[in-house]
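Fold and contact review
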Amino acid sequence: MRKRARCTIRGTVADGFEAVRQLYTHNMRTLAEGNTQLCIYYRGEKVVDLWASASDDSAFTPDSLVNVFSSGKSLEALAIASLVDKGLLRYDAKIAEYWPEFAANDKQGLSVADLMRHEGGLANFDVSIDTEDLLPENIKQNRVGRIIERQLLRFGLANGNKREYHAITRGWIVNELFRRVDPAGRTVGEYLREEISGPLQADAYIGLKREELARVSPIKTLGFGFQLLQSLIPRRFGRKIVHNIFQILGRLLRILPAIRGGRSQRFPPPYKGMKDIDFFNAADVAMGETPSANANCSARGLAKIAAMLAGGGSFAGTRYLGAQAWQDLHADPVKEMMGGIMPTEFTQGGVARFSACTRDATRFERDFNVGREGFYGWMGLGGSIFQWHPQRQIGFAFVPTSLHVLDLFNERGKQYQAAALRCIERLEG
């Protein structure tokens, strides 16, 4: 009851979207939340703009920045699409065409599309990266590039399936490719500020300035034991997470064999000194560029970028991505099992498509897609979602600081996507 009393829901919703606010209010007062932001655009207009702090954190505002982890992968995909837009890069071209040194150790056959679909055979590196090397000025000295150049391709999955989640490494490789092709030699983070975040006035950054660190609301992971104990509580008795014990165990039983048999155990952690997720709260991590895992954003910022993408590359009369490049970004979705366990459809541009399920769809496939059919984009560890729906012209972002790591498909955020879709279906008749 103390949590309910001190959790004030702030912000606005447009007529017809009251159900989204009701759901948000309920979840903030019942689930294990910290600080959250929810922002949704529809047909270019902001229709949901909500934020709240379960602990009455007075420093948390709708413009606070939060690490959205893998939601940043869609920002790096946008950066690559901008090079396609300018005619500087092709998805079907080999990476070595733009970066000859990349071809070392038999990597000459790897295409840009292979990398963007997580089929690059570079899901792990054989050394840990120093956070200092990820500062833009050090990236440009090729400190990370030299490490990537000497890596071997490693495809360790069964049945010839090459799709293995490049959780962190895809962004490091994309950054090296981008700065070599970009005429100004910029990093992905610099491009994002100059051509997207700045012009759109959208708070979405990869690599923070020191003066921006004060705006960051730190993330916190829910304990594994806490989540398991909560999963034993029936929802009607106040369970603070989305899934029950049977749902969690069912997923873990499918995932653990893949983890035990995967190659990732044989490699060092991606960063030097990384021991747990709290590592990402460090200032030196936030100031470096790991596009796949350390974008610091607000829901307002991400939702505005998503609205631009939902609008075919345009927002408020200004074009940010050419029509053909937008089509190319979303083209050729290929369905494959990620790591042998999670069904995904990744386009050649590196964004996922969420589709309606057939009758014979697996439980994993339904959990992953149902409620967000028609959306493109991706999501981040523990809860964040950055996605867009071109057909309905929806730009969507949910940004939490409390990470529910056992919610593998970010279904607590998916509830808001499903609620928004229902509202829009009623509005459109």
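One structure accompanies this document, and this report is about it.

Each value, and the rule that gives it
- Residues numbered from 1 in each chain as written.
- Predicted model: local features only at pLDDT ≥ 70, side-chain atom pairs only at ≥ 80, totals over all residues.
- Heavy atoms only, no water.
- Helix = DSSP H or I, 4+ residues; strand = E, 2+ residues; numbered from the N terminus.
- Rg over C-alpha atoms; globule rule 2.2 N^0.38 Å.
- Buried < 20%, exposed > 50% of the residue type's maximum accessible area, 1.4 Å probe, protein only.
- Areas by Shrake-Rupley, 256 points an atom, 1.4 Å probe, with all protein chains shown as cover.
- Lys, Arg positive; Asp, Glu negative; His and termini not counted.
- Charge placed at Lys NZ, Arg CZ, Asp CG, Glu CD.
- Salt bridge = Lys/Arg side-chain N within 4 Å of Asp/Glu carboxyl O.
- Pairing = 2+ DSSP bridges.
- Phe/Tyr/Trp six-rings, centres within 6.5 Å; stacked < 30°, edge-to-face > 60°.
- Lys NZ or Arg CZ within 6 Å of the ring centre and 35° of its normal.

1. Overview of the overall build of the protein chain
- Within the protein chain, the regular secondary structure consists of 16 helices and 16 strands.
- Taken over the C-alpha trace, the protein chain has a radius of gyration of 20 Å; the compact-globule value for 429 residues is 22 Å, and the two agree within 12%.
- In terms of its C-alpha atoms, the protein chain occupies a principal-axis envelope of roughly 60 × 50 × 45 Å.
- Here the protein chain, with 429 residues, has 58% of them falling under the buried criterion.
- A total accessible area of about 17,400 Å² is found for the protein chain, and carbon and sulfur atoms account for 51% of it.
- Side-chain charges of the protein chain comprise 56 positive and 47 negative groups, with the mean position of each set lying 7 Å from the other.

2. With respect to the pattern of salt bridges
- Per the stated rule, a full pass over the model turns up 26 salt bridges.
- With a closest N to O distance of 3.5 Å, E149 and R180 form a salt bridge. Of this pair, E149 sits in helix α7 (residues 143-149) while R180 sits in helix α8 (residues 169-181), and the two are 31 residues apart along the sequence.
- The exposure class assigned to E149 is buried, which follows from its relative accessible area of 13%.
- Across the pair E428 and R392 runs a salt bridge, and its minimum N-O distance is 2.3 Å. Linking E428 in helix α16 (residues 411-428) with R392 in the loop between β14 (385-389) and β15 (394-400), this pair joins segments that are 36 residues apart in sequence.

3. Side note on the pairing of strand β13 (residues 376-379)
- Judged by which residues are buried, β13 turns out to be covered on both faces: Y376 and W378 on one side and G377 and M379 on the other are all buried.
- Examined bridge by bridge, strand β12 (residues 352-353) and β13 share two bridges and lie antiparallel to one another. In the sheet register, A352 faces β13, and the bridge partner there is G377.
- In terms of strand pairing, β13 meets β14 through four bridges, oriented antiparallel. Bridging from a neighbouring strand, G377 pairs with Q387 of β14.
- Hairpin connection between β13 and β14: a loop of five residues separates the two successive antiparallel strands, and G382 in this loop has a positive phi of roughly 85°.

4. Remarks on the packing of aromatic side chains
- Under the counting rule described, the total for this entry stands at 20 aromatic pairs.
- Relative to W378, the ring of F368 has its centre 5.9 Å away and its plane inclined at 65°; by these criteria the two rings are edge-to-face. Of the two residues, F368 sits in helix α15 (residues 363-369) while W378 sits in strand β13, which places them 10 residues apart along the sequence.
- Through pairs of rings, three or more aromatic residues link up here, namely Y165, F346, F354, F364, F368, W378 and F409.
- Geometry around F102 places K107 over its ring, the cationic atom sitting 5.3 Å from the centre.
- A cation over a ring is seen here: K162 above F155, with NZ or CZ 5.0 Å from the ring centre.

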